[in-house]
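Chain by chain, the residues:
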Amino acid sequence: MLATRHGATTSGCERNQQMFTISEDSDEASSIEHGPERLQLPLSAEMATSVLVLTALSAAAPMATDFPCTVPSGIPPEPESNASALHPAHVSIVMAFGDSITAAFSARSTLFEARDISWSIGTGSADQLTLPFLMSQYRQATPTGKAVPLAGMSDKAVLPNDIPHMPHNDYHPATDHLNFAESEGAVHRGSLKEQWGFAQKYLPQYPDHDTRWKMMTVWMTANDVCGECKASSADDGMLELWGTQMDQFLNNVTTSMKKVYVSLIGTFGLSNVARVQRANLECAIEHKIIDECGCVDKGNQSELELMDSNILLFNAKLANLSKTWQAKLKAAGRTDVAIVYHDFMAASGIGSELDRSDLSLLDCFHPSAKAHEALAVGLWDSLVCPSDGRASGLICGKKTHHQGCCRAVPHCIYHTVGTQLIKRKVY
């Protein structure tokens, strides 16, 4: 299991000049990727499977009792338009698009969406880490951050909205804020397009939103791949449909938004969810009755292997979209937008470590609160660890090096000077 955050603190660390690292390759300078170079480990299907992925991440991470990190002083000035120099303290708006995982359905093992503790967009707390909570620790340490606190987080647990018509309209603007994720959301169901519509309506309600740095997390794959265990997604049209709509979404973002860092989240093999379900009697019985993620619930071994292979195809498509859009942005002279592919779930090798504690007690499928916290720390690590760190063996999320939020703060491990990466040891 991944140990979440019981590691060295940031005190004494040499200070970094940027927060989120963007890899630059001489041949593909527009490529932005985090994690292993190859998409080969078991990947998870999102939504249902993704939930398990998140769960898997948390399975290795013990719950924390407080925020143990020391926030360093000397945070660099906010960049005017260079996303490569972005630091956690510079981000003042967070946004998320996704499915029931990001909606945090049953994270507390109830029928509620525990959106307040959603891994990438929930308010969180010192004993339930989320990405916004971690980022806010740095923002509130600056005069600017105190004047303009981090905003956009979902802050309340709610029942899914308009249940008979889900995923459509599963949005509660008064408390979801900029968490647009919908339970049962899937790209092929039109959910990503609908969520973008919500964003267009509600983002403008934030003062000066166009001139503020924004962190956007996008994870919507699981429900698109849950039924993909009879044929290759490259042959049945699902991959092409999914890729086309994801590409259109990124076009919408880049043509209508400024100063935004977009995290595209890869998934790991959902067959590991099936493994856990079938190894626990109550889960096995429950999933003989219900069908939450077709292939996971009912697939035989060969079908589960095919589903995992299809997840690899979706992840590769997402990574290629990141490269393509970075090339377009570079050609257009846009430095204020970053589109980054994160495959930290594969990097951490959590598939084989997934166990019952990572899943909701209610449905043996969605990630538990523990899993949400581990997923948050996994993305945090991926944001602040340069992919080039692989050469030194410090793969983001790798459990043997995982020191959680303290180890991962951008002042400790790496910083970029031009294109030269300098190693900064914390322990």
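Here the structure is a predicted model, which is why all the values come from computation and not from measurement. (Residues numbered from 1 in each chain as written. Predicted model: local features only at pLDDT ≥ 70, side-chain atom pairs only at ≥ 80, totals over all residues. Heavy atoms only, no water.)

(A) View of the packing of aromatic side chains. Enumeration over the complete set of coordinates arrives at ten aromatic pairs. Taking the centre distance of 5.4 Å and the plane angle of 85 degrees together, the rings of Trp119 and Trp219 count as edge-to-face. Note that Trp119 is positioned in the loop between strand E2 (91–98) and helix H2 (131–139) and Trp219 in strand E3 (residues 213–219), a separation of 100 residues in sequence. Owing to a relative accessible area of 0%, Trp119 belongs among the buried residues under this scheme. Between Tyr138 and Trp380 the ring centres are 5.7 Å apart and the planes differ by 25 degrees, which places this aromatic pair in the stacked class. Placement of Tyr138 in helix H2 and of Trp380 in helix H14 (residues 369–384) is noted, with a sequence separation of 242 residues between them. The pair formed by Tyr138 and Trp380 is uniform in burial state, with each residue classed as buried. An aromatic cluster is built from Phe97, Tyr171, Phe180, Trp196, Phe198, Tyr202 and Phe249, whose rings are joined through pairwise contacts. One cation-aromatic arrangement involves Lys328 over Trp325; the distance from NZ or CZ to the ring centre is 4.1 Å. (Phe/Tyr/Trp six-rings, centres within 6.5 Å; stacked < 30°, edge-to-face > 60°. Helix = DSSP H or I, 4+ residues; strand = E, 2+ residues; numbered from the N terminus. Buried < 20%, exposed > 50% of the residue type's maximum accessible area, 1.4 Å probe, protein only. Lys NZ or Arg CZ within 6 Å of the ring centre and 35° of its normal.)

(B) Inspection of the pattern of salt bridges at higher detail. A complete count under the given rule lists nine salt bridges for this structure. In the salt-bridge network here, residues are joined through shared partners; they are Glu113, Arg115, Asp170 and Asp176. (Salt bridge = Lys/Arg side-chain N within 4 Å of Asp/Glu carboxyl O.)

(C) Summary view of the state of the cysteines. Taken as a whole and judged by the stated rule, the model has three disulfides. Disulfide partner of Cys226: Cys293, at an S-S distance of 1.9 Å. Since a negative S-S torsion denotes a left-handed disulfide, the Cys226-Cys293 link at about -100 degrees is left-handed. Within this pair, whereas Cys226 is found in the loop between helix H6 (222–225) and helix H7 (233–236), its partner Cys293 is found in the loop between helix H10 (281–289) and helix H11 (294–298), the two being separated by 67 residues in sequence. (Disulfide = S-S within 2.5 Å.)

(D) Up close: unusual backbone geometry. With omega at 10 degrees, the peptide bond leading from Met166 into Pro167 counts as cis. Take Pro167: it is sitting in the loop between helix H3 (143–147) and helix H4 (173–176). The backbone phi angle of Ala104 is positive, close to 60 degrees, even though this residue is not glycine. Its place among the elements puts Ala104 in the loop between E2 and H2. Under the relative-accessibility criterion, Ala104 is labelled buried at 0%. Phi is positive for Ser109, which is not a glycine, with a value near 60 degrees.

(E) Inspection of the packing of H2 against H14 at higher detail. Interaxial distance between H2 and H14 falls to 8 Å at its minimum, and their mutual angle equals 50 degrees. In terms of axis orientation, H2 runs oblique to H14. Across the interface between the two elements, Leu131, Leu134, Met135 and Tyr138 of H2 pack against Ala376, Leu379, Trp380 and Leu383 of H14. When grouped by side-chain class, the residues that make up the contact of H2 with H14 number eight nonpolar, no polar and no charged. (Axes fitted to C-alpha atoms, helices over the stretch in contact; angles between N-to-C directions. Parallel < 35°, antiparallel > 145°, perpendicular 65-115°, else oblique. Contact = heavy atoms within 4.5 Å. Nonpolar A, V, L, I, M, F, W, Y, C, P; charged D, E, K, R; others polar.)

(F) Region of interest: the side chain of Asp116. Its place among the elements puts Asp116 in the loop between E2 and H2. At 2.7 Å, the side chain of Asp116 and the side chain of Arg108 are in polar contact. Once residues lying within four places of it in the same chain are set aside, the contact partners of Asp116 are Arg108, Gly122, Thr123, Gly124, Ser154, Asp155, Lys156 and Ala157. (Polar contact = N/O pair within 3.5 Å; in protein donor to acceptor, adjacent residues only side chain to side chain.)

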